[in-house]
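Fold and geometry: a report
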Amino acid sequence: VQLVESGGGLVQPGGSLRLSCAASGFTFSTYAMNWYRQAPGKERERVATISSAGDSTNYADSVKGRFTISRDNAKNTVYLQMNSLKPEDTAVYYCNTVIWIYYWGQGTQVTVSS
């Protein structure tokens, strides 16, 4: 199993970013996918989840209405569209799936600052 995140960077408050996670090594279309984030000095927290078919999503209260998780099963890729970004969204963002155990990507840094 390999998960490779991309799309992070530095953005001003109120701006947008789109994260991508390319998956390989498993049957992508049969597993739910998650995005987590971890800010300095804080525990890793789940941000969003999408079902295997992409027909069900769930979000942390802190990002509801601002973030959108989606997936393209033909491309084995899951996305996180982040709008109206706030400084408190600054964190390393990780792609995750659970196949008996937790699998993680290497993470991508998102910094929201003016």
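Rules used throughout
Residues numbered from 1 in each chain as written. Predicted model: local features only at pLDDT ≥ 70, side-chain atom pairs only at ≥ 80, totals over all residues. Heavy atoms only, no water. Helix = DSSP H or I, 4+ residues; strand = E, 2+ residues; numbered from the N terminus. Polar contact = N/O pair within 3.5 Å; in protein donor to acceptor, adjacent residues only side chain to side chain. Pairing = 2+ DSSP bridges. Axes fitted to C-alpha atoms, helices over the stretch in contact; angles between N-to-C directions. Salt bridge = Lys/Arg side-chain N within 4 Å of Asp/Glu carboxyl O. Buried < 20%, exposed > 50% of the residue type's maximum accessible area, 1.4 Å probe, protein only. Contact = heavy atoms within 4.5 Å. Phe/Tyr/Trp six-rings, centres within 6.5 Å; stacked < 30°, edge-to-face > 60°. Lys NZ or Arg CZ within 6 Å of the ring centre and 35° of its normal.

Looking now at the side chain of R71. Structurally, R71 is set in strand 7 (residues 67–72). A distance of 2.8 Å separates a polar side-chain atom of R71 from the backbone oxygen of F28. Reaching out from R71, the side chain makes a polar contact with the backbone oxygen of Y31 at a distance of 2.9 Å.

What follows deals with the sheet that holds strand 7. An order of 1-3-8-7 is seen for the four strands of this open sheet, with the pairing classed as antiparallel. Looking at the sheet topology across the chains shown, the edges are occupied by strand 1 (2–6) and strand 7. Direction aside, the axes of adjacent strands within the sheet are offset by 15 degrees on average. Of the pairings in the sheet, the one linking strand 7 to strand 8 (residues 77–82) comprises six bridges and is antiparallel in character.

Enumeration over the complete set of coordinates arrives at four salt bridges. The residue R37 makes a salt bridge to D89 at a minimum N-O spacing of 2.9 Å. Linking R37 in strand 4 (residues 33–38) with D89 in the loop between strand 8 and strand 9 (91–99), this pair joins segments that are 52 residues apart in sequence. Each member of the pair, R37 as well as D89, is classed as buried.

Given the relative accessible area of 6%, R37 is considered buried. A distance of 3.4 Å separates polar atoms of two side chains, one belonging to R37 and the other to S62. Of note is the side chain of R37, whose polar atom sits 3.0 Å from the side chain of Y93. Discounting chain neighbours no more than four positions away, the residues touching R37 are E43, R44, E45, V47, S62, V63, F67, E88, D89, A91, V92 and Y93.

We now examine the environment of S51. If you trace the backbone, S51 turns up in the loop between strand 5 (45–50) and strand 6 (57–59). Its relative accessible area of 18% is what places S51 among the buried residues. Between the alpha carbons of S51 and S113 there is a distance of 32 Å; along the sequence they are 62 residues apart.

Taken as a whole and judged by the stated rule, the model has five aromatic pairs. Taking the centre distance of 6.2 Å and the plane angle of 55 degrees together, the rings of F26 and F28 count as tilted. One exposure class covers both F26 and F28, and it is buried. Taken together, Y36, Y94, Y102 and W104 form an aromatic cluster joined through their ring pairs. Across from the ring centre of Y79, 4.0 Å away, lies the NZ or CZ of R18, which sits over that ring.

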